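# Close look at the chain arrangement
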Amino acid sequence: MMPTRNLRLMLASAAFIGLSGPALALDGADLVTKLNASYALNGGNVTYENVSVDGTTVTLTGVSVKSTAAPGKDFKIGDVTLEGVEETDGGGYYIETVALPDVDIKEDDAAITAKDITIGGLSIPGNPSGGTINDIALYETAGTGPVTVTVKGKQVFSMEESDANLTKQESDAGFDFDATFSGIKADLSEVEDAKARDAIEKLGLKTLDGEMTMKGSWEIASGNVSLEEYAFDFANVGRLALAFNISGYTLDFVKAMQEAMKAQEANPNKEEASQAMGLAMMGLAQQLTFKSASIRFDDATITKRVLDYIGSQQGVSGDQLAQSLKGMVPLMMAQLNVPELQNQVSTAVNSYLDAPKSLTISAEPENPVPFPMIVGAAMGAPNTVPSVLGVKVTAND
């Protein structure tokens, strides 16, 4: 039979291990170290004054962020609370929620505020030098509440809220993403330049009200980036939507580009650094392939106001200016020596000016085109670029 003394010692040891396990499992300093290892790829670094751990909650006090984009300047964040923290396979961390303090920055005559800043489902890799999606610091959700910008005591910009989501694809092949910035308002009435202020007033653009949306995906292995939509939609102006699809934008490509940017920042000879960066980008571009791109504008009455305003500057009506443009466009396009595109543009412009609804420029070749081929065509035979890319121009479709 086991002696009572030994039995009590074993039970006490087991109880101690059970109670202390969760606290010992989390190392706040290690978490930040691994966050910085991942963040460093983007030229950033997080510092803090103190870190404390309470169960699965990690609190960082006196947090500041440094970025190579703004050398010599620290962005003071304040206290950051990480809740639902747990270690993951490979030595990384998963954080259910990251709560950041409200932003209230003042510099000279400008001030910026942002409230209710949160990040959800943040994954920090144990090895950011790996080549899979699990070796990237990713979030599942992110958002803010109201954001304002004031200049000289007058609010010139505000946004009600922002919301972003990122979802891993099946088998961790990549991720889909979307974001919405809603309730955007801009006040342009205080623009200092008199000529610009007059144009803004006559175009009815003293205040802007709208939203911005984004949606796309990234497949890691092939480096296929599909930006399905990047749109700006403003009342009484219109909706501008951009989209593109390329491949070759792999993790290795991203890391090589980041290393080139860090080398540029570290080189004190800015001219030499700029030249080296240009060569590096040309080399990296060899890896990319163009699949498609488009830009579309849906009018919401701004076109007529622009024609009327420019026409008034030239002593003619908006309708007269539109007729003049119809005659000028074929002459301008003829200089490019691309007859098929010339006819498309002329037809589209005529249709749009007669009844402004939408104008679309798209490029979708029959087969993906390597970027070097595009560069070669642009340098050797510029007039062939539209056919190489499969460019089309349409209106009111």
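Residues numbered from 1 in each chain as written. Predicted model: local features only at pLDDT ≥ 70, side-chain atom pairs only at ≥ 80, totals over all residues. Heavy atoms only, no water.

### Description of the overall build of the chain
When its secondary structure is counted, the chain shows ten helices and 20 strands. Its C-alpha atoms give the chain a radius of gyration of 28 Å, clearly above 21 Å, the size a compact globule of 397 residues would have. A total of 397 residues make up the chain; the buried ones form 35% of that total. Of all intrachain contacts in the chain linking residues separated by at least 6 positions in sequence, the fraction that spans at least 24 positions is 55%. For the chain, the exposed surface amounts to about 22900 Å²; the carbon and sulfur share of it is 58%. (Helix = DSSP H or I, 4+ residues; strand = E, 2+ residues; numbered from the N terminus. Rg over C-alpha atoms; globule rule 2.2 N^0.38 Å. Buried < 20%, exposed > 50% of the residue type's maximum accessible area, 1.4 Å probe, protein only. Contact = heavy atoms within 4.5 Å. Areas by Shrake-Rupley, 256 points an atom, 1.4 Å probe, with all protein chains shown as cover.)

### Re the packing of aromatic side chains
One pass over the structure, following the stated rule, counts five aromatic pairs. The structure contains a cluster of three or more aromatic residues connected by ring pairs, namely F175, F177, W218, Y249 and F253. (Phe/Tyr/Trp six-rings, centres within 6.5 Å; stacked < 30°, edge-to-face > 60°.)

### Examining the pattern of salt bridges
What the rule picks out here adds up to twelve salt bridges. Note that K106 is salt-bridged to D104, the shortest N-O span being 3.1 Å. Members of the salt-bridge network, linked through shared partners, are E229, D233 and R239. (Salt bridge = Lys/Arg side-chain N within 4 Å of Asp/Glu carboxyl O.)

### Topic: the pairing of strand β10 (residues 147-151)
Alignment of strand β7 (residues 110-114) against β10, held across five bridges, turns out to be antiparallel. Bridging from a neighbouring strand, A110 pairs with V151 of β10. Between β10 and the antiparallel strand that follows it, strand β11 (residues 154-159), lie two residues; K152 among them carries a positive phi value of about 55°. (Pairing = 2+ DSSP bridges.)

### Points about the environment of T150
As for its position among the elements, T150 is in strand β10. We classify T150 as partly exposed; its relative accessible area is 21%. In this view, T150 contacts D109, A110, A111, Q155 and V156; residues no more than four positions away in its chain are not counted.

### A look at the confidence of the model for the chain
When the pLDDT values of the chain are averaged, the result is 88; 92% of them are 70 or greater. Confidence over residues 1-24 falls short of pLDDT 50; this stretch has three contacts with residues more than four positions distant or in other chains. (pLDDT = per-residue confidence, 0-100.)

### Some words on the pairing of strand β15 (residues 224-234)
With ten bridges joining them, strand β14 (residues 207-219) and β15 adopt antiparallel strand pairing. Bridging from a neighbouring strand, W218 pairs with V225 of β15. Remark: four residues form the turn of the hairpin made by β14 and β15, two consecutive strands paired antiparallel; G223 in that turn has positive phi of roughly 70°. For β15 and strand β16 (residues 238-247), the ladder comprises eight bridges, and the chain directions are antiparallel. Across the sheet, the residue bridging to S226 is N245, located in β16. Remark: three residues form the turn of the hairpin made by β15 and β16, two consecutive strands paired antiparallel; N236 in that turn has positive phi of roughly 60°.

### Remarks on a nonpolar patch on the surface
A cluster of nonpolar side chains, L240, I295 and I361, forms an exposed patch at the surface whose accessible area comes to about 210 Å². Locating I295 in the fold gives a position in strand β17 (residues 289-299). (Patch = residues over 30% accessible without salt bridge, like charges linked within 9 Å, V, L, I, M, F, W, Y side chains within 5 Å.)

### Examining unusual backbone geometry
Peptide bonds are, in most cases, trans, and in most cases residues other than glycine have a negative phi. Non-glycine residue K152 carries a positive phi angle of around 55°. Note that K152 resides in the loop between β10 and β11. Of note in the backbone geometry, N236 takes a positive phi value of approximately 60° without being a glycine. For N236, the position within the fold is in the loop between β15 and β16.

### Regarding the packing of helix α6 (residues 302-313) against helix α7 (residues 318-334)
Put simply, α6 and α7 touch, their axes get as near as 7 Å, and they point 90° apart. It follows that α6 is roughly perpendicular to α7 by the angle criterion. On α7, the residues touching L307, D308, I310 and G311 of α6 are G318, L321, A322 and L325. Tallied by class, residues from the contact of α6 with α7 come to five nonpolar, two polar and one charged. (Axes fitted to C-alpha atoms, helices over the stretch in contact; angles between N-to-C directions. Parallel < 35°, antiparallel > 145°, perpendicular 65-115°, else oblique. Nonpolar A, V, L, I, M, F, W, Y, C, P; charged D, E, K, R; others polar.)

### Structural notes on the environment of E86
Looking at the element boundaries, E86 is found in strand β4 (residues 74-87). According to the relative accessible area criterion, E86 is partly exposed, its value standing at 44%. Separated by 30 residues in the primary sequence, E86 and T56 place their C-alpha atoms 6.8 Å from one another. Contact partners of E86, with chain neighbours within four places excluded, come to L26, G92, Y93 and Y94.

### With respect to the packing of helix α4 (residues 251-266) against helix α5 (residues 270-285)
Where α4 meets α5, the axes come as close as 9 Å, and the angle between the chain directions of the two elements is 170°. It follows from the interaxial angle that α4 and α5 lie roughly antiparallel. Residues F253, A256, M257, A260, M261, Q264 and E265 of α4 form the contact with α5, whose participating residues are K270, A273, S274, M277, A280, M281, L284 and A285. Taken together, the residues that form the contact of α4 with α5 break down as eleven nonpolar, two polar and two charged.

### As for α7
Along an α-helix, a turn takes 3.6 residues, which lines up residues three or four apart on a common side. Its 17 residues give α7 an end-to-end C-alpha distance of 25 Å, which sits within 8% of 24 Å, the value for a rise of 1.5 Å per residue. When the local axis directions of α7 are compared, the greatest deviation, roughly 25°, occurs at M328, which is followed within four positions by the proline P330. Among all positions of α7, only G318, L321, A322, K326, V329 and M333 are buried. Where α7 is buried, its residues contact α6 and α8 (339-354). (Expected span 1.5 Å × (residues − 1). Bend = angle between axes of the 7 residues up to and from the residue.)

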